[in-house]
Amino acid sequence: MYIGAVFLSLLGLVLTAYAGISATKHNLSVSGPGNIKAVSETEICVFCHIPHHEREGTPLWNRKMPTSVYTLYDSEFIQRISYPTPLQPSEVEGQPGIVSRQCLSCHDGTVAIGAVYIVRGTELGNTVIQMQNVNPDGTLPSTLRTFIGTDLSIHHPVAIEYNPNVQVTFGDGSVKTVELVNPNPLPPIKLYTYGGKQYVECTSCHDPHKQNKQFLRVDVGNLAQDFKQTCISCHDKPGWTGSAHDTQTLTYSDTNVTAHYGEGSPVSVADFGCGNCHTPHKSQGKPLLRKVEEMTCFTGAASAQNLAPCHGTGGAKDIESLLPPNRTFGHPVMTIVDMHTPLDVLYGTGVPRVPTGSKGIEFVDSKHAECMDCHNPHKAKPGTHVAANEWYPGQVSTNQPTNIVSNVLAGVYGVEPVWPQRWTQPTTYKTKAEAQKEYQICMKCHSGWALGSVVTDCVTSFVSSQSGITLTDQSCEFNPYNRSAHPVVMTTNEMLALGGRYAAPLTNTQVLPPWDANVGNQTMYCTDCHGADSESTVDPKGPHGSTHKFMLKGPNTNWPTKPDGTLYTTGDVKAGTTQGLFCTNCHDLTQAQVHMLTWPGPMYSIACVECHVAVPHGSPISRLIGYETMPEPYNYNYNGVLQLKMRGFKWNTTISNRDAYAPSCGGGGRCHNTNAGGYDTYP
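Residues numbered from 1 in each chain as written. Predicted model: local features only at pLDDT ≥ 70, side-chain atom pairs only at ≥ 80, totals over all residues. Heavy atoms only, no water.

Caption draft 1: A look at the overall build of the chain. Along its length, the chain carries 17 helices and 17 strands. Here the C-alpha coordinates of the chain stretch approximately 115 × 45 × 45 Å along the principal axes. Within the chain, buried positions represent 51% of all 683 residues. By sequence separation, contacts in the chain at least 24 residues apart represent 60% of the contacts at least 6 residues apart. Accessible surface computed for the chain: about 30,400 Å², of which carbon and sulfur atoms make up 57%. In the chain, 46 side chains carry a positive charge and 55 a negative one; their mean positions are 3 Å apart. (Helix = DSSP H or I, 4+ residues; strand = E, 2+ residues; numbered from the N terminus. Buried < 20%, exposed > 50% of the residue type's maximum accessible area, 1.4 Å probe, protein only. Contact = heavy atoms within 4.5 Å. Areas by Shrake-Rupley, 256 points an atom, 1.4 Å probe, with all protein chains shown as cover. Lys, Arg positive; Asp, Glu negative; His and termini not counted. Charge placed at Lys NZ, Arg CZ, Asp CG, Glu CD.)

Caption draft 2: Summary view of the sheet that holds strand β7 (residues 197-200). Across the sheet, which stays open at both edges, the three strands sit in the order β3-β7-β6 with antiparallel pairing between neighbours. Every other strand in the sheet has two partners, leaving β3 (160-161) and β6 (192-194) as the edge strands with one partner each. (Pairing = 2+ DSSP bridges.)

Caption draft 3: Highlighting helix α5 (residues 223-232). Summarising burial for α5: seven of the ten residues are buried, a large majority. Of the positions making up α5, those classed as buried are Leu223, Ala224, Asp226, Phe227, Lys228, Thr230 and Ile232. Elements that come into contact with the buried residues of α5 comprise α4 (202-205), α6 (244-247), α7 (255-260) and α8 (269-272). The N-capping residue of α5, defined by a side-chain oxygen 3.2 Å from the backbone nitrogen of alanine 224, is asparagine 222. (Polar contact = N/O pair within 3.5 Å; in protein donor to acceptor, adjacent residues only side chain to side chain.)

Caption draft 4: Region of interest: the side chain of serine 90. Residue position: serine 90 is located in the loop between α2 (76-80) and α3 (98-107). Other than its neighbours up to four places away in sequence, serine 90 contacts Gln95, Pro96, Gly97, Ile98 and Arg101.

Caption draft 5: How the structure looks around the state of the cysteines. Tallied over the entire structure, the rule returns one disulfide. In this structure cysteine 48 is not part of a disulfide, and its nearest cysteine sulfur, from cysteine 106, lies 6.2 Å away. (Disulfide = S-S within 2.5 Å.)

Caption draft 6: Summary view of the pairing of strand β9 (residues 414-417). Alternating positions in β9 separate into two faces, Gly414 and Glu416 on one and Val415 and Pro417 on the other, with burial throughout. One ladder, built from four bridges, connects β9 with strand β10 (residues 429-432); its direction is antiparallel. Bridged to glutamate 416 within β10 is lysine 430.

Caption draft 7: View of the pattern of salt bridges. Summed over all chains, the structure comprises 18 salt bridges. For aspartate 680, the salt bridge goes to arginine 483, with nearest N and O atoms at 3.5 Å. Residue aspartate 680 is located in the segment after β17 (660-661), and its partner arginine 483 is located in the loop between α14 (474-477) and β13 (484-485); the two are separated by 197 residues in the primary sequence. Here lysine 562 and aspartate 572 are joined by a salt bridge, their closest N and O atoms 3.0 Å apart. Of this pair, lysine 562 sits in the loop between β14 (545-546) and α16 (570-575) while aspartate 572 sits in helix α16; the two residues are ten residues apart in sequence, bridging distant segments of the chain. For aspartate 572, a relative accessible area of 8% puts it in the buried group. (Salt bridge = Lys/Arg side-chain N within 4 Å of Asp/Glu carboxyl O.)

Caption draft 8: The arrangement of the packing of aromatic side chains in detail. Here the structure, examined in full by the defined rule, presents ten aromatic pairs. Pairwise contacts between aromatic rings join Phe227, Tyr261 and Phe272 into one cluster. One Lys or Arg, lysine 562, reaches over the ring of tyrosine 568 and ends 5.8 Å from the middle of that ring. (Phe/Tyr/Trp six-rings, centres within 6.5 Å; stacked < 30°, edge-to-face > 60°. Lys NZ or Arg CZ within 6 Å of the ring centre and 35° of its normal.)

Caption draft 9: Up close: unusual backbone geometry. The peptide bond linking proline 187 to proline 188 adopts the cis configuration, its omega dihedral lying at 10°. Turning to its location among the elements, proline 188 is positioned in the loop between β5 (175-177) and β6. The residue after tryptophan 559, namely proline 560, is reached through a cis peptide bond having omega -5°. Note that proline 560 resides in the loop between β14 and α16. Phi is positive for glutamine 214, which is not a glycine, with a value near 60°.

Caption draft 10: Fine view of the side chain of asparagine 212. Along the chain, asparagine 212 falls in the loop between α4 and α5. You can call asparagine 212 buried: its relative accessible area is 15%. Engagement of the side chain of asparagine 212 in a polar contact is seen with the backbone oxygen of leucine 216, the distance being 2.9 Å.

This is the structure in structure tokens:
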């Protein structure tokens, strides 16, 4: 009775599987619907199974197993996070990989499709079932989508442990997990237990008997929707739900995407989810990216940028057209390739890299700026800190810092400098799994963490290939202990508390909206000054690229020279001819103009950079004043003429000869030349 029940149960399972597989391409008999099928063999199950005398494999395996040595999946991410690497797929039951090797007995192209052991009780020996549309030796043609080959490094890893508890700790104590959030994958995804550990195999995601495209276990809609749900059954990344790529309803216009992934229906970004950027098989980039680096962001799953609702030329949000070489100045996303690696922010100046010889963030051998350096595609949401059709924020918040990351920058790695004394390069940086403030993202690269030790002051040894200007350490320039700086790191009132009255804020009559509200209690973004040419009308917001030097943005984009190469001067302020001067986007020079109208003659036409540093991020002197002893590029000497004239300056509520010492101005009352002492010292 018991034996009969078991037999009937097994018979039911066999009949169910038979009924399911008969209409799929895994029906390799002569009745199969696919191009690859037998010449005359009518049995369906025999290509994989046999009821008696089975060989290695399970269940009741009848196929000859490959003897291949595979190139396994590996990445710097799993090495850097110390995740267990895949094992060589095994032929032995009870060891990782036997199930995957069974699948690979057809799909790696080394074993003839018809190479089975027994057919109707007869051992075939060296003969095989004759098949149609295969290679002369009976193997799977490498031109087919279903061909895997023996290079498994470009496919989702198999024979790899499923371990959601692995993580890496950053310098600030935050952690990055492997982001297998679920202790076990959501059903119907399946794991295999070997030696007390759970492993991923081919049939974790695929059921070879199931009647759907690509035999995915998940069956929630069309192939794109099945693809997305398959991925997030394991990789349920924090912040993914509600993110831009989870919710965007724009669709592909590529007919191949519609036919294959949509099964005839339109495919939206939200439908496809993970599949927009990643592919589990035959990836071109890592980790499992459809294309190499930025081309994935530009093209998605489409065959061309203009057919994708993505970020390429002609796409829904065209970033590609903004980047060099399409724009003169910008981040080298397209001009530097194969440098970005996951977790590269951990490996700044002087930090030994894992694995040895790999890339980090340092300019000396790893300079790069990929999309992923500034955006986390799993967490980014629509919306910047600036409203549509505006250059700058509509209002400055008085309730919270206004330098916090905006939605599009959520979840990106960053660094926080440990600030030393005034005008001194930080030597310690705390890496962060997620930047809270925008400058922490920028300073991954624009600081000593990437640029290395300074040559003098805050000046490095690197020269911009775009502007020809020597690069500076911005963590040194924005040091809150400096006498003056734009309020990128903290408010001017907070800097005031650190450095005395040297960084006293401007009054609300000296700055334009929105900066005239709550002056002294504001912070700002790097991207309030740096961005695209037409952010208020056409270009997507952000410092992707520009035709303007330094990617200066806004109605006025010139500094410190006019388009004709001459310097802006106090004479221009006096005459009201400051059109194009970058500073006037935020600073109201009306009061200065009125004051200068009392000055006699053109002798007071003094270049801005004769008093102020030419890199206006910060200064060791109040009011962004620079001394003639300062080096380039702070001392504007690009044309071979020393510009800075000051030797001493002290802050006061009004300007008089007692506040500044500048004997090189020539004396005779032309400029401040009284050496009354008490000046900000430098160096």
